[in-house]
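Here are the chains, one letter per residue:
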Amino acid sequence: MNKLGVFFTCYDELEATRYSLSCIKNVYPDIKTYLVTEGNLDFTFLEREVSHLKVNPVADTMSPVFPITIHNYLTPSNQAALRIAVSTIIQRLKQAIEYHQCEYTIMLDPDAIVRGPLTIKEGVGLLGCRINSDPPLFRKLNNMLLANGGIELTAWGATPAIFRSEDFLRATKIFEEKDLLSTYCQSFYWAFAHDVLLPTLFSLIGREEEFNPELVQCQTQPERVASGAPLLHQVRTYYPKRKSKYKANE
């Protein structure tokens with residue numbers, strides 16, 4: 001089994017996506033990538049440009065959740081949108097793992113850049129930035145985890161996430177067998193965000209997100225960009241200049 005495969009998700013950021021793919025291919029020429037696109041642009045032609053790439057155009061499940069806030073997330077319509085977004089990302093990640101058949105999965109989006117070999121120690125479950133720490137904000141979420149045999153979240157921020165594929169599948173099996181989708185979506189207002197969804201799933205199997213020292217957040221840690229760290233986030237040089245749900249470069 002290969003060590004690392006890619007799950008890549010994007011909307012309409014074609015040039016940023018192309019750049020990110022070219023960067024990781026410079027480091028890992030044979031890496032397999034499963035790309036899902038939620039926008040109206042046709043990205044399938046990239047399969048002819050990038051080796052070992054599978055492009056899957058999918059329905060837009062994110063636009064309905066962006067207006068959700070901590071004040072309105074429990075309304076029936078917003079709960080329905082959250083359930084769709086959460087269940088969909090889980091299924092897409094399963095499809096990516098089935099495609100690349102790798103021990104670890106890295107979850108990228110257009111503002112994430114791999115510019116050097118990544119260090120993944122044996123036995124690591126989930127790597128992220130752990131930038132968010134506000135226990136009162138996710139008290140309901142922790143209550144759900146403890147009630148279902150998991151451990152508490154103390155911090156989270158799994159983006160770009162690197163995780164052990166087998167652990168993810170084991171965690172989602174528990175999530176589905178215990179029918180936790182509705183309970184989870186009622187526990188946290190941004191339940192759809194993968195940087196909290198992944199730590200939640202891994203907490204169900206007693207694995208806490210670990211800090212990734214090789215990850216740099218370019219907008220909040222600009223002093224570290226020149227450090228040579230192999231994984232960058234918030235690189236938006238090639239994002240389209242337009243108004244959109246992503247609000248970048250408006």
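Residues numbered from 1 in each chain as written. Predicted model: local features only at pLDDT ≥ 70, side-chain atom pairs only at ≥ 80, totals over all residues. Heavy atoms only, no water.

Our focus in this paragraph is the sheet that holds strand β3 (residues 53-57). The seven strands are arranged β3-β2-β1-β4-β7-β6-β8 in an open sheet whose pairing can be described as mixed. Two strands in the sheet have a free side with no partner beyond their single neighbour: β3 and β8 (210-211). Against the sheet, helix α1 (residues 14-27) contacts β1 (2-10), β2 (33-37), β3 and β4 (102-108), and its axis sits at roughly 175° relative to β1. (Pairing = 2+ DSSP bridges. Helix = DSSP H or I, 4+ residues; strand = E, 2+ residues; numbered from the N terminus. Contact = heavy atoms within 4.5 Å. Axes fitted to C-alpha atoms, helices over the stretch in contact; angles between N-to-C directions.)

Further remarks concern unusual backbone geometry. Between Thr159 and Pro160 the backbone carries a cis peptide bond, its omega angle lying at -15°. Positionally, Pro160 belongs in the loop between α4 (139-147) and β7 (161-164). Phi is positive for His52, close to 55°, though the residue is something other than glycine. With respect to the secondary-structure elements, His52 resides in the loop between α2 (46-49) and β3. You can call His52 partly exposed: its relative accessible area is 39%. One non-glycine residue, Gln101, adopts positive backbone phi at about 55°. Relative accessible area serves as the criterion here: at 43%, Gln101 is assigned to the partly exposed category. (Buried < 20%, exposed > 50% of the residue type's maximum accessible area, 1.4 Å probe, protein only.)

Here we take up the packing of aromatic side chains. Across all of its chains, the model carries twelve aromatic pairs by this definition. Considering the side-chain rings of Trp156 and Phe188, the 5.8 Å spacing of their centres and the 85° angle between planes classify their relative orientation as edge-to-face. In this pair, Trp156 is assigned in the loop between α4 and β7 and Phe188 in the loop between α6 (181-185) and α7 (194-204), connecting sequence segments 32 residues apart. For Trp156, a relative accessible area of 9% corresponds to the buried category. Here the aromatic rings of Trp190 and Phe192 are separated by 5.1 Å at their centres, their planes lie at 55°, and the arrangement is tilted. What makes Trp190 partly exposed here is its relative accessible area of 35%. (Phe/Tyr/Trp six-rings, centres within 6.5 Å; stacked < 30°, edge-to-face > 60°.)

This next bit is on α1. For α1, built from 14 residues, the straight-helix expectation of 20 Å at 1.5 Å per residue is met to within 8% by its first-to-last C-alpha distance of 20 Å. Along α1, the positions that sit buried rather than exposed are Ala16, Thr17, Ser20, Leu21, Cys23, Ile24 and Lys25. Among the structural elements, β1, β2, α2, β3, β4 and β5 (112-114) are those in contact with the buried residues of α1. (Expected span 1.5 Å × (residues − 1).)

Buried together is how nonpolar side chains tend to be arranged in soluble globular proteins. Counting residues in each nonpolar core, the largest one holds 45 residues, and the members touching the most others are Leu141, Phe163, Phe168, Tyr184 and Leu198. Secondary-structure elements contributing two or more residues to this core are β2, α3 (76-100), α4, β7, α5 (165-177), α6 and α7. Considering each element in turn, this core owes the most residues, nine residues, to α3. Formed by 26 residues, the second largest nonpolar core is a distinct cluster that contains Val6, Cys10, Ala112 and Cys129. (Core = buried A, V, L, I, M, F, W, Y, C linked by side-chain atoms within 4.5 Å.)

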